[in-house]
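One-letter residues, chain by chain:
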Amino acid sequence: MALSGMRGLSVFISDVRNCQNKELERARVDKELANIRTKFKNDKGLTPYEKKKYVWKMLYIFMLGYDVDFGHMEAVSLISAPKYAEKQVGYIVTSSLLNENHDFLRLVINTVRNDIIGRNETFQCLALTMVGNIGGKEFSESLAPDVQKLLISNSCRPLVRKKAALCLLRLYRKNPDVVSVDGWADRMSQLLDEREIGVLTAVMSLLVALVANNPDAYWNCVSKCVRVLERLTRSQDIPQEYTYYGIPSPWLQVKTMRVLQYFPAIDDPNIRRSLFEVLQRVLMGTDAVKNINKNNATHAVLFEALALVMHLDAEKDMMAQCVGLLGKFIAVREPNIRYLGLENMTRMLMVSDVQESIKRHQVQIITSLRDPDIRFRIIFIDLLVQCISLCSIRRRSLDLLYGMCDVTNAKDIVEELLQYLTTADFAIREELALKAAILAEKFAPDLSWYVDVILQLIEKAGDFVSDDIWYRVVQFVTNNDDLQPYAAAKARDFLDKPAVHETMVKVAGYLLGEYSHLLSRRPGCSPKEVFSIIHDKFATVSTPTKAILLSAYIKILLHSQTVDPELQNHVLAVFRKNETYLDAEVQQRASEYYALSRKGPSMVDVMAEMPKFPERQSALLKKAEDTEVDVADTSATKLRLMQLTSTAVVVADQKPANGVHPALTRVPSGQRNIEAPTVPVANGGQSPAPVDFLAIEAAPTHSAPESSPLVGPGDSLALALMDNQASTVQPTGSVTEWFDALCRKDSGILYEDPFIQIGLKAEWRGNQGRIVLFLGNKHTAPLLSVKAVILPPRHMQLLTSNVPDTIPPRAQVQCPVEVTNLSPSREIPVLDFSYNNSSAMVSFKLRLPVIMSKFLQGATLAPADYIARWKALMGPPNKLLQEVVRGVKPLPLQEMSDLLGSLHVAIAPGYDPNVNNIVGAATYFSENPTLCLIRIETDPADRTQIRLTVGTPDTSVALELKEYIKERLVDIPSGAAPTSLPGMPSPADDLVGPAASLAGLI
Amino acid sequence: QIQAVFLVSRQGKVRLQKWYTAYPGKDRPKAIREITSIILSRGTRLCNFIEWKDLKVIYKRYASLYFCMCVDADDNELDCLEVIHLFVEVLDRYFGNVCELDLVFNFHKAYYILDEVLLSGELQESSKKSVARVISAQARI
């Protein structure tokens, strides 16, 4: 056994080693610390040998992880000792024990400086080593010139000079000012002529740091670096001791190539040619060898060369060669090479300026993923999966998956992941589940597949499926009507399986509670059956799940069309029983639901389906982003991730168009402005909205706003931008067009100018609405004195939240507004907005799209019912308002019907025997809901005139609604008087009017 | 740049640690514990790199000892891996078939040697011969 040469130290180390457990060890260490403390306090002083011994013991104790909070002074004081042996101990222990910010270090700056400028080479080395390892800012300021002198000195030995180079590197890192750019560029260039490889390696490390901060200043070093590489790769003039397993200093090669990656481009054709020759040589000599160290060293150089090639934007052939090599690497068994192959392949996919050449290969890779040779495909996916299982490679693989996954191969990849999930390491299952869920969401070819994947995920790895995942699926299902019966049926099927995971009970309970009534005609799906299959699980699930199930029960009960007394008894009994449940939440739900369900069908509305969720960023993606580490070299990854994020938005309340689900439509990432990735950052945690609320690009249309004063709130052409004369700031598009668009949909731009963008999102439910205004500052300066006042019409109640006075640069604030419609009116609220863009005050008024149709909801009536109601409205008293409208936009019948539909009137085709007529019904929500029947009679001979009839029990509604519909139909809504005044139609009219036609239906 | 180097035994005992950054002293044991527990739990056929916080840890096991280096995220992994091996070879040459006990009882020698191989978190000398010369010269003084 080798001994330390200090008996006391060896004994102590032995003692510590012999301790049976942690407590004994601590006791022994404490004893020793007490001993050392006493010794140090001893006035008589210690012999140098004793001092050394105790200081070493301190370091040993510190190394074991114990606090050593005394005796630092003794260690530091050894530095000033005259003898080498003590000085060495002082320097080494100090540099291990103390942090660079320790006060004691200040005390020795002078001693250290004397050692550095002194004649004793060994002292120089000790001092340089300590400063190089823990020197702080103060050392930088006082020692840098001396260290520089040593580095460029002709008389110093290489040992001192290489230490000086690295010491200077440390000082430069602490304070870049210590190396003045002007003088040093030439010095560095000269230093690169160094023949001694040790010194050259140290100099190259220094150069990496210098160039990283300021490449422009060190251009003169480029050719020298290329020459160093030539020397190394041609094995010219390399002493044997500097070859490592036959490779000329791989470390120097790597560092030199690293330096070259900091220069934006190498333009000199000669240097470029030489460099490419070098790189070509490196890329060629890559055959794997048996010796692991040689292999590693070769590949260290090779991967650095790959990075340099990528950086240099090499010719296509060379890039192709690199991709080929990477393809080889990701298929080898050696995990290190495979890891790096994967990592670099990912980088390759991200490098945008070589995208063209990458794309070709990307396609190739993806094609190989779909190769008819199933073995090849399996190998490839297996590789990805294996890489994922190699823990540390997970994120790399995910990046690669992001890069390669698309709609065409996502199914394969996700299904393989699902397959793998059941056999994967426990440690990574949660992450796998999360990632499978994200990929499924992002690349779902259709939403039902997405639902399948998530339910399978829960089935196979329920323990590892976080709540976020099932919340997300619920969100999707809620927002997509078509999906609801499918999801409910699937959920029901999963409940049939033996050993259902609790998470499955939750999601199935929720989905069936909301949507099982859509299945009620299917076998095994009657409310009673659904209830009993869910309730089977009730006894065994946890309290939070019980709460979910109770909600499901009452929904099942109240959603069913005909009340099944047996079911009702069952459910009531369950509520009853749980009224005394231990948990307050369950107890409360049980009591409230019991009371509610006893009130019967009048409570249906309370238990209606959940409204659509506002679109929001996937919490899953956010989770994935949060784990993304903020390092510079993954910025491309982040950028890509963000682009993907922004397209994975669920758009609520938008009807699927052309069979494509809005949730799944993607904006090609290339269309985004390159600066766009700053947007989500500025957005902070806010969910991305369907419009890019902080879009930097201006809207394509630049039509100057017309500047007529507002005629009246009901006038649809009245200009929204009213007092734009007050400022020179012009909107970037047509305010009217934006307004019109918002009348048809519920989110979009309300206003935009070079400084601000106001986006709007709205949700409507009955006579209530919630509008969120997104005020986005597009400017680089804050917007000040921001004021937003909404002038509500009489019939509406508006609750506005406060708008902050200042919007920071590139930031977005949200301003929610709650709307309640109290009585029928076509008047709309106006937003009075002003802000100060630090050069001028800008103010304008904008109409808010709170139009009548937002409070309309299509009503479907059976023909007999429709006619009965129509007859009832005919009176007496007659409640049908009728008007012949002229100057109507000449529209084909279908378009007119669509137009009426877009106002949320449910068209009832075929109810009117006359094919030229359109009838429909809608419920208008103000304080009380009112059913409205609407009929348009068109004249095939003259498309510009119609007869419009609106009937409601409440004539004030009918009056407003008729006017409202008229405004939509008339081509030029003007101040001109309507062709006939609304009023009581004559009885004679009625005989040939709508009632007569409708009567014919019976 | 290398941020820290440490050697831990399979039992998780630290045999050597050296930090090249101002990482707060009180957080160091915790960092080492965290990294060690990850490394010790990894199978032998996995790669030698792990990601930890915003750093990479390059590690390699030699008999009962794990040699670990925390490096910047953009450092060349294989380069670092071979720095570890170089250090091991230097130790081997000095101690003659080095074993854990050599390093336990001569931990101060290990510090001397480390200081000749690494400096400022960079590789200082890649020639084993050169390091050996310096160490033996030190011993003579």
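Keep in mind it's a predicted model, so treat the numbers as computed, not measured.

The rules behind these values
Residues numbered from 1 in each chain as written. Chains lettered and ligands numbered in written order. Predicted model: local features only at pLDDT ≥ 70, side-chain atom pairs only at ≥ 80, totals over all residues. Heavy atoms only, no water. Helix = DSSP H or I, 4+ residues; strand = E, 2+ residues; numbered from the N terminus. Buried < 20%, exposed > 50% of the residue type's maximum accessible area, 1.4 Å probe, protein only. Contact = heavy atoms within 4.5 Å. Areas by Shrake-Rupley, 256 points an atom, 1.4 Å probe, with all protein chains shown as cover. Pairing = 2+ DSSP bridges. Axes fitted to C-alpha atoms, helices over the stretch in contact; angles between N-to-C directions. pLDDT = per-residue confidence, 0-100. Salt bridge = Lys/Arg side-chain N within 4 Å of Asp/Glu carboxyl O. Parallel < 35°, antiparallel > 145°, perpendicular 65-115°, else oblique. Left-handed = near helix turned anticlockwise from the far one by under 90°. Nonpolar A, V, L, I, M, F, W, Y, C, P; charged D, E, K, R; others polar.

Enquirer: Help me get a handle on the overall build of chain B, residues and values and all.
Expert: Tallying secondary structure elements over chain B gives five helices and seven strands in all. Moving toward the C terminus, one meets the helices and strands of chain B in the order β-β-α-β-β-β-α-α-α-β-β-α. With 141 residues in all, chain B has 66% of them scored as buried. The contacts of chain B with a sequence gap of at least 6 include a subset with a gap of at least 24, amounting to 46%. For chain B, the exposed area adds up to about 4,900 Å²; of that, 51% sits on carbon and sulfur atoms.

Enquirer: Which residues make up the pairing of strand S15 (residues 929-939) of chain A, and what values do they have?
Expert: Residue and element names in this part refer to chain A. In terms of residue burial, S15 counts as a mostly covered element, since nine of its eleven residues are buried. Summarising the sheet, strand S14 (residues 917-925) and S15 pair through nine bridges and their orientation is antiparallel. Residue Thr923 lies in a different strand from S15, and its bridge partner there is Leu931. By the bridge criterion, seven bridges tie S15 to strand S16 (residues 942-951) in an arrangement that is antiparallel. Considered in S16, the bridge of Asp939 is made with Asp942.

Enquirer: Account for the sheet that holds strand S3 (residues 747-752) of chain A, naming residues and giving values.
Expert: Residues and elements named next belong to chain A. If you trace the five strands from one edge of the open sheet to the other, you get S3-S4-S5-S8-S7, paired in antiparallel fashion. A single partner strand is all that each edge strand has here, and the edge strands are S3 and strand S7 (796-800). Across this sheet, the average inter-strand angle for adjacent strands is 25 degrees, counted without regard to direction. Bridge count between S3 and strand S4 (residues 756-765): five bridges; the pairing is antiparallel. Bridge pairing links Glu752 to Gln757 in S4. The sheet strands contacting helix H34 (residues 735-744) are S3 and S4, and the helix crosses S3 at an angle near 160 degrees.

Enquirer: How would you summarise the confidence of the model for chain A if you had to cite specific residues and measurements?
Expert: Residue and element names in this part refer to chain A. Taken as a whole, chain A shows an average pLDDT of 76; of its residues, 76% reach a score of 70 or greater. Summarising per-element confidence for chain A, the mean pLDDT is lowest in helix H33 (residues 678-683) (32) and highest in helix H13 (residues 250-260) (96). Here residues 352-379 is a poorly scored stretch, pLDDT under 50, and it has 37 contacts once near neighbours within four places are set aside; other chains count. The model gives residues 627-727 a pLDDT under 50, and that stretch makes 176 contacts with residues more than four places away or in other chains.

Enquirer: Can you lay out the pattern of salt bridges for me, pointing to particular residues and giving the numbers?
Expert: Scanning the model with the defined rule gives 53 salt bridges over all chains in all. We note a salt bridge from B:Lys13 to A:Glu25, for which the minimum N-O separation is 3.4 Å. Placement of B:Lys13 in the loop between strand S1 (2-9) and strand S2 (14-19) and of A:Glu25 in helix H2 (residues 22-41) is noted, with the two residues assigned to different chains. Residue class for A:Glu25 comes out buried when judged on its relative accessible area of 3%. Taking the shortest distance from any N to any O, the salt bridge between A:Glu967 and A:Arg968 comes out at 3.5 Å. Beyond isolated ion pairs, a larger network of salt bridges with shared partners links A:Asp15, A:Arg28, A:Glu32 and A:Lys57.

Enquirer: Tell me about the environment of A:Arg338, and please be specific about residues and values.
Expert: Residues and elements named next belong to chain A. One can find Arg338 in helix H17 (residues 335-350). Take Arg338: its relative accessible area is 8%, and that puts it in the buried class. When the C-alpha atoms of Arg338 and Lys328 are compared, they prove to be 8.9 Å apart, with ten residues separating the residues in sequence.

Enquirer: Tell me about the packing of helix H14 (residues 269-284) of chain A against helix H16 (residues 316-329) of chain A, and please be specific about residues and values.
Expert: Packed helices, taken two at a time, are described by the angle between their axes plus the distance between the axes. All names here are of chain A. Taken N-terminus to C-terminus, the directions of H14 and H16 make an angle of 25 degrees; their axes are 11 Å apart at the nearest point. Between H14 and H16, the angle falls in the class roughly parallel. As H14 runs across H16, the sense of the crossing is left-handed. Here Phe276, Leu279, Gln280, Leu283 and Met284 of H14 lie close against H16, whose contacting residues are Met318, Gln321, Cys322 and Leu325. Here the contact of H14 with H16 is composed, by residue class, of seven nonpolar, two polar and no charged.

Enquirer: Residues and numbers for the side chain of A:Lys555, please.
Expert: The residue A:Lys555 is located in helix H28 (residues 543-559) in this model. In contact with A:Lys555, not counting residues within four places along its chain, are A:Gly513, A:Glu514, A:Met607, A:Ala608, A:Glu609 and A:Met610.

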